[in-house]
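Each chain is listed here by its residues.
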Amino acid sequence: MISRSLVFLFVLTGTFIQAQPLTPVGATPSKSQLQWHELQYYMFIHFGPNTFTNLEWGEGSEDPNVFNPTQLNCKQWAATAKKAGMKGIIITAKHHDGFCLWPSKYSTHTVRESSWKNGNGDVLKELSEACKEYGLKFGVYLSPWDRNHPKYGTDEYNQVFVNMLEEVLGNYGEVFEQWFDGANGEGLNGKKQVYDWKLFNSTVYKHQPNAIIFSDGGPGCRWVGNENGFAGETNWCTLNGDKVYPGYPENKELTTGHEDGTHWIPAECDVSIRPGWFYSADTDDKIKSVNKLMEIYFGSIGRGGNLLLNVPVDKRGLITSADSLRLMEFHNEIEKSFRHNLAKGATMIAKSRKGYSAKNLLDGDLKTSWAAENVQPSNNFIIQLSKQERFNCIELQEDIALGQRVKSFTVEVGNNGKWKKIIEGTTIGFKRILEFEIQKASQIRVVIIESKELPVLNEIGVYLTK
Ligand code: FUL
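The numbers attached to residues start from 1 for each chain and follow its sequence in the written order. Given that the model is predicted, a residue must reach a pLDDT of at least 70 before its local features are reported, and side-chain atom pairs must reach 80 or more before they are shown or counted; all residues, however, enter totals for whole chains, interfaces and linings. To get the side-chain values, all heavy atoms of the structure are used, and hydrogens and water are removed first.

Chemist: Sorry if this is basic, but what is going on with the pairing of strand β15 (residues 418-425) here?
Modeler: For a regular strand, the rule is simple: side chains alternate between the two faces of the sheet. Note: strand β14 (residues 406-415) against β15, seven bridges, orientation antiparallel. Counted as the bridge partner of N415 is K418 from β15. Pairing between strands requires that DSSP locate at least two bridges from one strand to the other. Every helix listed is a DSSP run of H or I at least four residues long, and every strand listed is a run of E at least two residues long, numbered separately from the N terminus. Counting the residues that bridge the hairpin from β14 to β15 gives two residues, and of these N416 lies at a positive phi of roughly 50°.

Now the structure itself:
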């Protein structure tokens, strides 16, 4: 029998061999943020009176009875999201018109005042239960701007909003993301509200300590600065969190992040599958093509952001079959493109730090990584394939738990020791995917030109996506 002390010694030695633990660089993600990065892709649903009035921004004076879906079925939404490869759903619990999709005690403009289910319905209840059933995360969009509430634009409104938050975050189980819209317009009294963001955020954490708070400036994740679904080619997950606030006018900075930002506030790319956020029959023939969606995929997930794709629910309370079909086609295209990692089984050649072998780049485990031996310009690793292959795409992942480090890199292909540079990139982050002209080669060399500290990557992939 092995004695306890021997086991102890082994553990000690094991630790020693792996050893030389790496120190994080700059701001790093929290545990919840790390989990959030892994979600990558989830659904946004805009639904409410606007669905029935064909408006994008309701006035707030709409008769609540306009909200009357005839076949509302949250299980259909969840089943669609699941089949589409999405990991969660974020619903507009209250948009700018103030209508609450749950029977809030703090408003008289809610599902309770509508004729839907004789005023006994609760969309948040149905959706949170459907998400649980389908193994999806549940998230909530809540607009602080409220064009209906009589208290909006007065000191009392912030507490009204907090009360609503308490209901939404306290009664429907786990909420993975709280989405705060930055829009701030006038209310019934013609005044804009001065929002108490500190109070709002602390209310979120009181009920949902692990939730990611989305706003223009986080603190959990940030708006990417546009509604087209594209992060910057250079995309830092770090941001000067004390400088950026909801309504921050420098959208470009949100697109790229701040290179030496003080806080980890990564980008989320929100975009709609149709031209508008809410359902409109006028856009039935304007659903984005698979090609456009793939472009968005490369521009968001492929640049280290998460993709929040809006799929508006129609007047029946269902995702239309045309939107659903497009989502499935998009999912198939992603699956097809990334099914065969041509680097699998390749021989890796690199100068590596002890315990951080380049083999780890191909083990499918984000917890093991390759780190260069020393900090120096042009650290590199070579993927030696067993034969010449045709490929047009490379995927790189940085071990972001240790901070985002890489500032620039190039990709080269080689045949018989002759190297040709094919593409260059800047940041990597959680994931960077680059497409290029189809190459035929047996070697691929990734050269890290500049990095804040030792480059640390955890996975790579080589694909033929066309
Ligand atoms: C914006 C809103 O004004 C739009 O209506 C939509 O909800 C979009 C996601 O955010 O700020």
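Chemist: Is there a simple way to think about the environment of Q178 in this case?
Modeler: Residue position: Q178 is located in strand β4 (residues 177-180). In the structure, Q178 is positioned 125 residues away from R303 in sequence and 23 Å away in space, judged by C-alpha atoms. We call two residues in contact whenever any of their non-hydrogen atoms come within 4.5 Å of each other. Setting aside anything within four residues of it in sequence, one finds Q178 in contact with V140, Y141, L142, L165, L169, V204, I212, I213 and F214. Any pair of N or O atoms that falls within 3.5 Å is considered a polar contact. Within protein, one atom must be able to donate a hydrogen and the other to accept it, and sequence-neighbouring residues count only if both atoms are side-chain atoms. Within the structure, Q178 has its side chain in polar contact with the backbone oxygen of V140 (distance 3.4 Å).

Chemist: Teacher, can you tell me more about the packing of helix α4 (residues 74-83) against helix α5 (residues 123-134) here?
Modeler: What describes two packed helices is the angle between their axes and the distance between those same axes. Remark: α4 packs on α5, axes separated minimally by 8 Å, with the N-to-C direction vectors making an angle of 40°. In terms of their interaxial angle, α4 and α5 are classed as oblique. Note on packing geometry: the crossing formed by α4 with α5 is right-handed. The segment α4 lies against α5, with C74, K75, W77, A78, A79 and K82 engaging V123, E126, L127, A130, E133 and Y134. Partitioned by chemical class, the residues of the contact of α4 with α5 number eight nonpolar, no polar and four charged. Here an angle of 0 to 180 degrees is reported between the N-to-C directions of two axes, which are lines fitted to C-alpha atoms, with helices fitted over the stretch in contact. Any angle that is under 35 degrees is reported as roughly parallel, and any over 145 degrees as roughly antiparallel; angles of 65 to 115 degrees are reported as roughly perpendicular and all others as oblique. Should the near helix be turned anticlockwise from the far one by less than a right angle, the crossing is left-handed, and should it be turned clockwise, the crossing is right-handed. The residue classification treats Ala, Val, Leu, Ile, Met, Phe, Trp, Tyr, Cys and Pro as nonpolar and Asp, Glu, Lys and Arg as charged. All others, Gly included, are polar.

Chemist: Sorry, what's going on with the nonpolar core here?
Modeler: Considering soluble globular proteins, one finds that nonpolar side chains tend to be buried as a cluster. By size, the foremost hydrophobic cluster in this structure holds 75 residues, and its most contacted members are F47, W77 and I89. The element best represented in this core is helix α6 (residues 157-170), accounting for eight residues. To define a nonpolar core, start from buried Ala, Val, Leu, Ile, Met, Phe, Trp, Tyr and Cys residues and group those joined through side-chain atoms within 4.5 Å. Only protein chains enter the accessibility calculation, which uses a 1.4 Å probe; a residue is then buried when its area is under 20% of its type maximum, exposed when over 50%, and partly exposed in between. With 36 residues, the next largest nonpolar core counts A371, A372, I423 and L454 among its residues.

Chemist: Any chance you could explain the environment of G417 here in plain terms?
Modeler: You can see G417 is positioned in the loop between β14 and β15. Take G417: its relative accessible area is 52%, and that puts it in the exposed class. It is 72 Å that separates the C-alpha atoms of G417 and N65, two residues lying 352 residues apart in sequence.

Chemist: Help me understand unusual backbone geometry in this model?
Modeler: It is generally the case that most residues other than glycine have a negative phi and that most peptide bonds are trans. Omega for the bond connecting G218 with P219 falls within 30 degrees of zero, at 15°, which places this linkage in the cis form. Here P219 is to be found in the loop between β5 (212-215) and β6 (221-223). Phi at Q40 takes a positive value of approximately 65°, unusual for a residue other than glycine. By the element assignment, Q40 lies in the loop between α2 (31-39) and β1 (41-45).

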